[in-house]
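Results of the structural survey
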Amino acid sequence: MTWEIVIGLEVHAQLSTSSKIFCGAPTAFGAEPNTQADAVSIALPGVLPVLNKGAVERAIKFGLAVGAHIAPRSVFARKNYFYPDLPKGYQISQFDLPVVGQGALTIQVEPLSGDAASAGSAQAYEKVVRITRAHLEEDAGKSLHEDFHGMTGIDLNRAGTPLLEIVSEPDMRSAAEAVAYAKTLHSLVRWIGICDGNMQEGSFRCDVNVSVRRPGEPLGTRREIKNLNSFKFMQQAIDYEAQWQIDTIENGGKIHQATVLFNPDTGETLAMRSKEEAHDYRYFPDPDLLPLDISEEWKEQVRATLPELPQAKQTRYVNELGLSAYDASTLTASREMADFFEAALAKAPGQAKLCANWIQGEISARLNRENKNITDAPIKPIQLAVLIGRIVDGTISNSAAKQIFDHLWTPSVAELIIGDSLEEVTRGIYTLIEAKGLKQVSDSGAIEALVDEIIAANADKVAEYRSGKDKLFGFFVGLAMKASKGKANPAQLNDVLKRKLAG
Amino acid sequence: MLNSSLQQLGSALRARKISSVELTRLYLDRIAALNPVLNAYITTNAEASLAQARDADARLAAGTADALTGIPVAQKDIFCAKGWRTTCGSKMLANFVSPYDAHVIEQFNNVGAVNLGKTNMDEFAMGSSNETSYFGAVKNPYSQDAVPGGSSGGSACAVAARLCAAATGTDTGGSIRQPAALCGISGLKPTYGTVSRYGMIAFASSLDQAGPMARSAEDLALMLNVMTGFDERDSTSLQRAKEDYARDLAKPLDGLRIGLPKEFFAEGLSNDVAQAVNAAIAEYKKLGASIVEISLPNSRLSVPVYYVLAPAEASSNLSRFDGVRYGYRAPEYSDLTDMYEKSRAQGFGAEVKRRIMIGTYVLSHGYYDAYYLQAQKIRRLIAQDFTDAFRQCDVIMGPTSPSTAFKLGEKGDDPVQMYLSDIYTIAVNLAGLPGMSIPCGFGAANNGNPGMPVGLQIIGNYFDEVRMLNVAHQYQLATDWHSRAPQEL
């Protein structure tokens, strides 16, 4: 009997404003406790909230990026509960009238290793996940339980930091889909510049709702895994939780609605509190804040600041640049990656495929090995473009280009070949090619002489070849290349070898 | 000097006939003598007040004085004032010294007025008699066994007893107008959004509005000139051009149309109040006004609507008083929940707890629609009644309070009777309109008790404070109720 796993996500993305959502206190991470907590942050008697326009603009940006309805009027509500790191005794959030309505996100699902549910479908595929809503709210502070001798310390630096809570429909059917959605969302919020995406610092936190059912049956009871701050943990937590629910039901048990925490050390999920004990938050519109009105004009102003979105770029890369869907998707995994690609392509017109290959090949391999981001790559897009140009015009072979690339990966070398003009960089790369003696030999006389020597030195193999052992051709190519130290123009070498071997 | 208007005091100060320090000392001495009896002030700080007076004298000497420079003004203890204990009448904040100034306090500081002290009030402005103050009840200066009204009872008492030149108050359901009426002074609650709420400790945010309390409409106008103005720190503060509220005081009232809501002269209104109010209306006719009978059919629902909405907002506004960061914390507790429960149980008085419980109840799951949402709908109907009424008249008049000042303790065990003392004032807050009370006579003396003051309520259309002050001032030119003073204590 098969089971279907049903997953929905609630993601809290911290918006990248420099001040808090309802006051002017700064939002920088890592400051000494309570040094970024002003009168409003600590909720002194008499203080009032004033909405940060930058937070609203970021919410609008997000809504537009997922094709959502932007509410012309939304309302801030108070969510009332007592907690020491919630200074007002209520959180200002949005309840029945959120700023962003229904939207959708297209995701590319890659099967995850060890993911039972997706093991059967090893192919990558595309899926559309519906977004229910996204609303603005303020973050709480932090309770610190260490170093206080049995007491609790309260740090209100984070209190009032702007968050966008993005809620999906329960459209995902595997950990792989959930992770793909979370990663796509993570990339999108960074792409449009509304969130730094730093998961370690809590800038992008995921709550995952998981339930299981027999296919075709109504939704099962869900449990919510709180506060996952890595994609790896998300996969592990979902896999464990889903299996736990399946085992529980198969053993005759029932699932009760609950909030659970994932323990990365044990790889298990454990219930924190059951929903029956849940608070009655007594939501009501915050009388200190006016309804948030967003005019068509404001919306269009924000739209004008949106960069080309990943989905649009992918379509363009396939239709206009002739790249494969896979290439297009990898190159748009992050805005920095796409920017690098487009900057290189701008200086190497018509070489989209080569640019893509180099970025996804050599560059990605080096970045992965050194655990770096593309913005940290020592080689600059213009340098890659010039390098590709030299392959195309036959100045260097592909293998020589890889050697040059290795040199360019050394910051001290890359830095020598600076400049914004193609001429400057081209001159620099030429100098490097000359200096390393990697210029390709395209002189037909030199190649013929080299081939003659090889034929003379390998009479037995030549005889074998001539008697029909065609496969030996590669052997001769290898010898010739080695003799030319990789500099022989491969096409020319092929021609000459074919002709001379034929006798 | 004690009976001088703000205009006269300002002139005397600017003419250097008296210094601000002398004037401040005069009041401080008077407070020292009379406050033990009246309990109008919770906190005075002679050192701070005199320092401000000295600064004011320098400004007066330099010729850069404003209308209120050097004038001692009492501040309701709901306004946060830097370096001043700000208690809001509660044990919860009995030791809270504010590190910042409310917008209202800043405005007075900017013009060089002297903060004479923080006046007593019902705890968190919840009450109509000043009896809920943690710092003890305020006495009515006309009769020490009567209440001064509330919640701005300390300010009303201080103005009436000449313990300040003028005072500030706040009005959520009548808290400026009702004590003004009961103490025989003038008080004005402006249009919602006119005075910034920043730094004014919140009771019910959508209803709270600060305003002046003084001995005449003319004084109110000068006070209002200082208190109003846009403040970006209050999202409900309205962006309007600064205006001179005294500009039309002298205008004659010919052609003024006064609306009398029939609902305000029905059952529940005491005879002596009805008589004084009717006499005032007669006076207005003499001044050239015409009378229009109007109806505010939904105003009968204003008390129940108010006692859903105000507690709902209060239950949330008062959540920050949890003993964690400032204010009262129970000395002993076993865990976090126990700390919350004990701190709040010990730090809040009975009326505050009652309203927190009502508010929590009406916002609870399953009751929200029936109470909170329903009340919001009726609130709109109540506001609509006024909009309709103002098509037929320029101002609305009626009693401020159904009776004159009642005895201390008289309504203490009956909250509903207490709530009904605001029956004529609450609808104005629900609609966000400006309202004021001016003295218009006294009730009958009986059994050796003196007759207590009666207030006439004047309700204006939105932003029509200039006209209201004109209407009040013309009456005060023709009558002398506003210049009566209680017998010297």
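Residues numbered from 1 in each chain as written. Chains lettered and ligands numbered in written order. Predicted model: local features only at pLDDT ≥ 70, side-chain atom pairs only at ≥ 80, totals over all residues. Heavy atoms only, no water.

**Digging into the overall build of chain A**
A tally of regular secondary structure across chain A gives 16 helices and 15 strands. Against the 2.2 N^0.38 benchmark of 23 Å for 503 residues, chain A shows a C-alpha radius of gyration of 30 Å, more extended than a compact globule. With respect to the principal axes defined by its C-alpha atoms, chain A has extents near 95 × 60 × 50 Å. Put simply, chain A has 503 residues, and 51% of those count as buried. Relative to all contacts within chain A whose residues are 6 or more apart in sequence, the contacts with residues 24 or more apart total 70%. (Helix = DSSP H or I, 4+ residues; strand = E, 2+ residues; numbered from the N terminus. Rg over C-alpha atoms; globule rule 2.2 N^0.38 Å. Buried < 20%, exposed > 50% of the residue type's maximum accessible area, 1.4 Å probe, protein only. Contact = heavy atoms within 4.5 Å.)

**Some details on the interface of chain A and chain B**
If you look at the interface, chain A gives 29 residues, while chain B gives 39 residues. When the two sides are added together, the surface that chain A and chain B hide from each other amounts to roughly 2,700 Å², 59% of it contributed by carbon and sulfur. For chain A, the biggest contributors to the area lost against chain B are Pro45(A), Phe82(A) and Arg282(A); these three give 23% of the whole. Linking chain A with chain B are one salt bridge. The salt bridge involving Asp288(A) is made with Arg197(B); its shortest N-O contact spans 3.1 Å. Our count for the chain A to chain B interface comes out at 17 residue pairs in polar contact (both at pLDDT 80 or more). Going through the elements one at a time, strand S3 (76-80) and strand S14 (284-285) of chain A are the ones with two or more residues in the side of chain A that touches chain B. Taken together, the residues of the side of chain A that touches chain B break down into 21 nonpolar, three polar and five charged. (Buried area = accessible area lost by both parts, 1.4 Å probe. Salt bridge = Lys/Arg side-chain N within 4 Å of Asp/Glu carboxyl O. Polar contact = N/O pair within 3.5 Å; in protein donor to acceptor, adjacent residues only side chain to side chain. Nonpolar A, V, L, I, M, F, W, Y, C, P; charged D, E, K, R; others polar.)

**Side note on the confidence of the model for chain A**
Scored by pLDDT, chain A comes out at a mean of 90, with 96% of its residues at no less than 70. For the stretch residues 115-119 of chain A, pLDDT sits under 50, and the model shows ten contacts to residues farther than four places along the chain or on other chains. (pLDDT = per-residue confidence, 0-100.)

**Focus on the pairing of strand S10 (residues 435-442) of chain B**
Residue and element names in this part refer to chain B. When you tally the buried positions in S10, you get seven out of eight residues, the bulk of the element. Of the strand pairs in this sheet, strand S5 (residues 186-189) and S10 are connected by three bridges, and their pairing is antiparallel. When the bridges of S10 are listed, Lys 189 appears paired with Gly 435. Relative to strand S11 (residues 453-460), S10 runs antiparallel, the two being bridged by seven bridges. (Pairing = 2+ DSSP bridges.)

**Here we look at the packing of aromatic side chains**
Inspection of the entire model under this criterion finds 29 aromatic pairs over all chains. Measuring from ring centre to ring centre gives 6.0 Å for Phe442(B) and Trp481(B), while their planes differ by 55°; the resulting arrangement is tilted. With a gap of 39 residues between them, Phe442(B) in strand S10 and Trp481(B) in the segment after helix H15 (465-478) connect regions that are remote in the sequence. The class for Phe442(B) is partly exposed, based on a relative accessible area of 25%. A relative accessible area of 25% places Trp481(B) in the partly exposed class. Feature note: the residues Phe96(B), Phe124(B), Phe321(B), Tyr326(B) and Phe348(B) constitute an aromatic cluster, connected by ring pairs. One cation-aromatic arrangement involves Arg223(A) over Trp244(A); the distance from NZ or CZ to the ring centre is 3.9 Å. Above the ring of Phe406(B), the side-chain terminus of Lys411(B) is found at 4.3 Å from the ring centroid. (Phe/Tyr/Trp six-rings, centres within 6.5 Å; stacked < 30°, edge-to-face > 60°. Lys NZ or Arg CZ within 6 Å of the ring centre and 35° of its normal.)

**Points about the environment of Asn373(A)**
Examined against the element boundaries, Asn373(A) turns out to sit in the loop between helix H8 (352-370) and helix H9 (381-392). C-alpha of Asn373(A) to C-alpha of Arg303(A): the two residues are 70 residues apart in sequence and 28 Å apart in space.

**Thoughts on the domain arrangement of chain B**
For interface size, the figure often reported is the accessible area lost on association. Residues and elements named next belong to chain B. Taken as a whole, chain B is organised into domain 1 (6-251) and domain 2 (300-376). Taking only C-alpha atoms into account, the centre of domain 1 sits 27 Å from that of domain 2. Taken together, the contact pairs 19 residues of domain 1 with 19 residues of domain 2. Counting each side, the surface lost to burial between domain 1 and domain 2 is near 1,600 Å², with a carbon and sulfur contribution of 67%. For the pair domain 1 and domain 2, the number of links is zero salt bridges. At the boundary of domain 1 with domain 2, the tally comes to ten residue pairs in polar contact (both at pLDDT 80 or more). Residue composition of the side of domain 1 that touches domain 2, by class: ten nonpolar, seven polar and two charged. (Domains from an automatic or database assignment.)

**Some thoughts on the state of the cysteines**
Residues and elements named next belong to chain B. Evaluation of the coordinates by the stated rule reveals zero disulfides over all chains. Left without a disulfide partner, Cys 393 is nearest to the cysteine sulfur of Cys 440, which lies 18 Å away. Judged by relative accessible area, Cys 393 falls into the buried class, the value being 2%. (Disulfide = S-S within 2.5 Å.)

**Concerning helix H3 (residues 46-62) of chain B**
Residues and elements named next belong to chain B. Look at H3: 24 Å from first C-alpha to last across 17 residues, which is about the 24 Å you get at 1.5 Å a residue. The complete set of buried residues in H3 reads Ser 49, Leu 50, Ala 53, Ala 56, Asp 57 and Leu 60. The buried residues of H3 occupy an angular sector of 115° when projected down its axis, which confines them to one face. In H3, the exposed positions that point more than 90 degrees away from the buried face belong to Glu 47, Asp 55 and Ala 62. (Expected span 1.5 Å × (residues − 1). Arc of directions from axis to C-beta.)

**Description of the sheet that holds strand S4 (residues 90-94) of chain A**
A sheet is described by the order of its strands in space; here three strands give the open sequence S4-S3-S14 (chain A), paired in antiparallel fashion. At either end of the open sheet lies a strand with only one pairing partner, and these are S4 and S14 of chain A. Of the pairings in the sheet, the one linking S3(A) to S14(A) comprises two bridges and is antiparallel in character. The residue bridging Arg78(A) from the neighbouring strand is Phe284(A), located in S14(A). Sitting on the sheet, helix H9 (residues 302-317) of chain B is in contact with S3, S4 and S14 of chain A, with an inclination near 65° to S3(A). (Axes fitted to C-alpha atoms, helices over the stretch in contact; angles between N-to-C directions.)

**Focus: the sheet that holds strand S8 (residues 290-294) of chain B**
The pairing of strands in a sheet happens through backbone hydrogen bonds and is either parallel or antiparallel. Residues and elements named next belong to chain B. With respect to topology, eleven strands assemble into an open sheet ordered S1-S3-S2-S4-S6-S5-S10-S11-S9-S7-S8, the strand pairing being mixed. Taken across any chain shown, the strands that pair with only one partner, and hence form the sheet edges, are strand S1 (41-43) and S8. On average, each strand axis in the sheet is tilted by 35° relative to the strand beside it, whichever way the strands run. Contacting S5, strand S9 (395-399), S10 and S11, H15 crosses the sheet at an angle of about 10° to S10.

**Overview of the pattern of salt bridges**
Applying the stated criterion across every chain yields a total of 50 salt bridges over all chains. Residues Glu370(A) and Arg366(A) are paired through a salt bridge, measuring 3.3 Å at the closest nitrogen-oxygen approach. One end of the pair, Glu370(A), and the other, Arg366(A), are both in helix H8, four residues apart, so they sit about a helical turn from each other. With relative accessibility at 31%, the residue Glu370(A) sits in the partly exposed group. Across the salt bridge formed by Glu283(B) and Lys286(B), the nearest N and O atoms sit 3.4 Å from each other. With a gap of three residues between them, Glu283(B) and Lys286(B) both fall in helix H8 (residues 271-286), about one helical turn apart. The exposure class assigned to Glu283(B) is buried, which follows from its relative accessible area of 17%.

**Thoughts on the side chain of Asn80(A)**
In this structure, Asn80(A) sits in strand S3. Here Asn80(A) falls in the buried class, since its relative accessible area comes to 1%. A polar contact of 2.8 Å, which involves the side chain of Asn80(A), links it to the backbone oxygen of Arg282(A). With residues near it in sequence (within four places) discarded, Asn80(A) still touches Gly89(A), Tyr90(A), Asp280(A), Tyr281(A), Arg282(A), Phe284(A) and Ser316(B).

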